[in-house]
Amino acid sequence: MKQDMIVILDLGSERNTEIARAVRALGVYSEIHPHDITAEKLASLPNVKGLIVNGGPNHIVDGKEIFVSDEIYGAGIPVLAVAHDAAKTGEKIAQWPDKEEDICAVLKPFLFDTCKAEANWNMKNFVADQIELVKQQVGEKKVLLALSGGVDSSVVAALLIKAIGKNLTCVHVNHGLLRKGEPEQVVEVFRNQMNANLIYVDASDRFLGKLKDVSDPEQKRKIIGAEFIRVFEEEARKLEGIEFLAQGTIYPDIVESGTKTAKMVKSHHNVGGLPEDMQFKLVEPLYYLFKDEVRACGLELGLPDSMVYRQPFPGPGLGVRCLGAITRDRLEAVRESDAILREEFAAAGLDKKVWQYFTVVPDFKSVGVRDNARSFEYPVILRAVNTIDAMTASIEPLDWQVLNRITNRIIHEVKGVNRVCYDLTPKPTGTIEWE
Ligand code: XMP
């Protein structure tokens, strides 16, 4: 293994991730593990040079005090205890300072003098270590991956192709609600360029059939989610000898879905949503990475920028942007107008500046004129928002010229559209998506 590691034991401090990132910023790889990690598990982690026992407000969980066992303190690894009453530990500080540079001042002597850790964390080493770990975990066995084309699953695919080659089978389900060019890019990058074992399933008709006449947004989401698992399962059952399921779980997914000490923010589709009767072991090589690190990992593995810097895209895809009951003509209008918006944002340099931008097509028409005659066609709504955590969002004040150019292209190039509107609503009261 190429990297040294610091393990942070989670006693419910809200600052665990901040500390993990501060350790990494000093060049040492770090992982956060549950406070009740066993000595055996700790010993199985590669190159652990030090432990940080990070206390916090959830020190009492469900009425019970939680603590780190004597066995862990006795494991012979240097311990830094913070905001934690532990007489057994070597170094102890009352609490973390507020400023980043002061946190570094606390960490530096611990990492480099006490633990003698080396600052050898970088993406090249991370990738090399993960390839090694995956090989150890999987051996000659076969692994299955649902490859959506999103950043996380794409990075997992690229990493596993390097680690186990054809023993990885990727399944890309096209539910017919993807953006223009997306399924083609997945096939091009993974099958043609990376030579992956890729099963491409065009299930568009099947999904659109199930969604016919369904106008309730929640119902639409449920149908798309359930059908997705069904199609994936059908493909999985056709394959033989699969023992492992790879997932693009990343650290924020774990935190949002609730750890032993953190409350659940929202259930995440990567965690816990597995088909129950399918007995797979999990391979999750990005488990300890933050989003920006996942992108860096993707670049290190040679994925194209357009895949690595892809904006967030909801699982139900364009299905929640084609409002009400989905029809093929309006779905096409969403897809084409979205492609124009993305092109124009890229041309104006806005793709790097705006967090999420897309188009929406409602299920009503308005009167207009085209070629000196009355038209009765759909509007397209533009949405462009900035946010830190998607819980609240503000509107990007777009340049008038850019808005004009986008509008002109949409009304002339997208069939069945005679009007363009710009949504000025922040979240709250709007959500980012319309459904
Ligand atoms: P809302 O519309 O709730 O969206 O303000 C917040 C962010 O979440 C994305 N989103 C989803 N992502 N599965 C996902 O993976 C979903 O079902 C889903 N619904 C919304 C949305 O695009 C925005 O970035």
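Rules of the game
Residues numbered from 1 in each chain as written. Predicted model: local features only at pLDDT ≥ 70, side-chain atom pairs only at ≥ 80, totals over all residues. Heavy atoms only, no water. Buried < 20%, exposed > 50% of the residue type's maximum accessible area, 1.4 Å probe, protein only. Helix = DSSP H or I, 4+ residues; strand = E, 2+ residues; numbered from the N terminus. Pairing = 2+ DSSP bridges. Right-handed = clockwise from strand over helix to strand, strands pointing away. Arc of directions from axis to C-beta. Axes fitted to C-alpha atoms, helices over the stretch in contact; angles between N-to-C directions. Polar contact = N/O pair within 3.5 Å; in protein donor to acceptor, adjacent residues only side chain to side chain. Contact = heavy atoms within 4.5 Å. Phe/Tyr/Trp six-rings, centres within 6.5 Å; stacked < 30°, edge-to-face > 60°. Lys NZ or Arg CZ within 6 Å of the ring centre and 35° of its normal. Parallel < 35°, antiparallel > 145°, perpendicular 65-115°, else oblique. Left-handed = near helix turned anticlockwise from the far one by under 90°. Nonpolar A, V, L, I, M, F, W, Y, C, P; charged D, E, K, R; others polar.

Q: Even after reading the chapter, I still don't get the pairing of strand S2 (residues 29-34), so can you show me in this structure?
A: A regular strand carries its side chains on alternate faces of the sheet. Summarising burial for S2: five of the six residues are buried, a large majority. In this sheet, S2 lies alongside strand S1 (residues 5-10) in parallel orientation, the contact comprising six bridges. Residue pairing for S2: Ile6 is matched across the bridge by Ser30. Taking the sense of rotation as the criterion, the β-α-β connection linking S1, helix H1 (residues 16-25) and S2 turns out right-handed.

Q: I tried to follow helix H8 (residues 204-211) on my own but got confused; where do I start?
A: A turn of α-helix holds 3.6 residues, and therefore any two residues three or four places apart point the same way. Within H8 the residues assigned to the buried category are Ser204, Phe207, Leu208 and Leu211. One side of H8 carries all its buried residues, which in axial view fall inside an arc of 95°.

Q: Explain the sheet that holds strand S7 (residues 91-93) here, please?
A: Adjacent strands of a sheet form backbone hydrogen bonds with each other and so pair up, either parallel or antiparallel. One open sheet accounts for five strands, arranged S2-S1-S3-S6-S7; its pairing is parallel. Each of the sheet's edge strands pairs with one partner strand only, and the pair in question is S2 and S7. Strand-to-strand, the axes of this sheet are offset by a mean angle of 20°, without reference to chain direction. When strand S3 (residues 48-54) meets strand S6 (residues 79-82), the two strands line up parallel, connected through four bridges. Residue Asn54 lies in a different strand from S6, and its bridge partner there is Val82.

Q: How should the side chain of Arg335 be read in this particular structure?
A: Tracing the sequence through the fold places Arg335 in helix H13 (residues 328-347). In this structure the side chain of Arg335 is engaged in a polar contact, spanning 2.9 Å, whose partner is the backbone oxygen of Leu178. Discounting chain neighbours no more than four positions away, the residues touching Arg335 are Gly176, Leu177, Leu178, Arg179, Lys180 and Leu318.

Q: Explanation requested: the sheet that holds strand S12 (residues 281-283) in the structure shown.
A: Here we have five strands laid out as an open sheet, ordered S10-S9-S8-S11-S12, and parallel in their pairing. Edge strands, defined here as strands with exactly one partner in the open sheet, are strand S10 (197-202) and S12. On average, each strand axis in the sheet is tilted by 30° relative to the strand beside it, whichever way the strands run. Judged from the four bridges that link them, strand S8 (residues 142-146) and strand S9 (residues 168-174) form a sheet pairing that is parallel.

Q: What am I meant to see in the packing of aromatic side chains here?
A: Geometry of an aromatic ring pair is reported as the spacing of the ring centres plus the angle between the planes. For the structure on display, the rule yields six aromatic pairs. Both rings, one in Trp121 and one in Phe126, keep their centres 5.8 Å apart while their planes meet at 90°; by these two values the pair is edge-to-face. Here Trp121 falls in the buried class, since its relative accessible area comes to 13%. Members of the aromatic cluster, joined through ring pairs, are Tyr29, Trp121 and Phe126. The ring of Tyr378 carries Arg330 above its face, with NZ or CZ at 5.7 Å from the centroid.

Q: Just to check I follow, could you spell out the packing of H13 against helix H14 (residues 400-413) for this structure?
A: In a pair of packed helices, the angle between the axes and the distance between the axes together describe the arrangement. It is at 10 Å that the axes of H13 and H14 come closest, and there the two elements cross at 150°. Taken together, H13 and H14 sit at an angle that is classed as roughly antiparallel. Between H13 and H14 lies a crossing of right-handed hand. Seen from H13, the contacting residues are Ser337, Ile340, Leu341, Glu343, Glu344 and Phe345; seen from H14, they are Arg405, Ile406, Arg409, Ile410 and Glu413. Taken together, the residues that form the contact of H13 with H14 break down as five nonpolar, one polar and five charged.

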